[in-house]
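Below are the chains, spelled out letter by letter.
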Amino acid sequence: MNPIHGWHERRSTLEQERRFKRLIALHTLCDSWIRAISPKETPSHHLDRMAKVTLNPNLWQFEKNRLDHLPLHLEELVGAQEVDAFLNELESTIWIIQFSTLENAETDQANRRELQNILEQESWNHGKLHAETIWGTRGNFNLREGVEAFLKTHCYGNQGFLKERDSSREISLIWKRSPLQNPSISNSPVAELLCTLHEHWIRGFFYGASRNTRVECSRTLIHGESFPHFTLR
């Protein structure tokens, strides 16, 4: 029993706080999509849309505070939940909101190619900004430094990527836990689009961190399942 903190208090670790901040960054990507395709939409409309997703009171308070630009403190949002359980539910909800937003956007837009171009550019810009916010705007990391910066600070989870190849001239990564592997998303008609947009986010991140690194995206089959594959040179 902890003699310092009461049984009802939830104290977060440094790693949990870092994960929380990365999830906020992941969530703001969806905001950038909404602004790009519906520039006049107000935060209240966004919150109304989110009501269609079942949010527990803690997640609702998280989104309300965020849209009202109030400070977000993990320990105040967790309530009676365990911190990891709250973070897991938050992450799952963010992915659901992202694919729900894309499904609504595809329904509303006649020109899907134009819509995808807008969303791809917005995703790239968001990834670049995320890298520059953490690592500065010089973009002078070498190949290995850029990859390590990405693996340390991306928003996709600690076990999200597998290094397939690692040399001084080429590093390849397999995205083990992409939207294509998410059971809540994989059957959605926009699962492939969502994955593509996050690939552009990753491209933007690497441009922000490492201007001289070239990123190629493809798919690789492992036991018959398709995974996003990144080659960096």
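Residues numbered from 1 in each chain as written. Predicted model: local features only at pLDDT ≥ 70, side-chain atom pairs only at ≥ 80, totals over all residues. Heavy atoms only, no water.

With that settled, the discussion passes to the overall build of the chain. A count of helical and extended segments in the chain gives 8 helices and 4 strands. Each helix and strand of the chain, placed in order from N terminus to C terminus, yields the pattern α-α-α-α-α-α-α-β-β-α-β-β. Each of the 233 residues in the chain was classed as buried or not, and the buried ones make up 46%. (Helix = DSSP H or I, 4+ residues; strand = E, 2+ residues; numbered from the N terminus. Buried < 20%, exposed > 50% of the residue type's maximum accessible area, 1.4 Å probe, protein only.)

Turning our eyes to something else, we now look at unusual backbone geometry. Phi is positive for histidine 223, which is not a glycine, with a value near 55°. Structurally, histidine 223 can be placed in the loop between β3 (215-222) and β4 (225-232). The exposed category is assigned to histidine 223, whose relative accessible area is 84%.

The next subject is the packing of helix α7 (residues 143-153) against helix α8 (residues 191-209). Relative orientation of the contacting elements α7 and α8 amounts to 125°, with a least axis distance of 10 Å. Considering their axes alone, α7 and α8 lie oblique with respect to each other. Between α7 and α8 the crossing geometry is right-handed. In contact with Gly146, Val147, Ala149, Phe150 and Thr153 of α7, α8 contributes Trp201, Ile202, Phe205 and Phe206. (Axes fitted to C-alpha atoms, helices over the stretch in contact; angles between N-to-C directions. Parallel < 35°, antiparallel > 145°, perpendicular 65-115°, else oblique. Left-handed = near helix turned anticlockwise from the far one by under 90°. Contact = heavy atoms within 4.5 Å.)

The next thing to look at is the side chain of glutamate 120. Here glutamate 120 is to be found in helix α6 (residues 112-135). On the basis of relative accessibility, which here comes to 11%, the residue glutamate 120 falls in the buried class. Excluding residues within four positions of it along the chain, glutamate 120 makes contact with Arg113, Thr196, Leu197 and His200.

These figures come from the coordinates and say nothing about function on their own.
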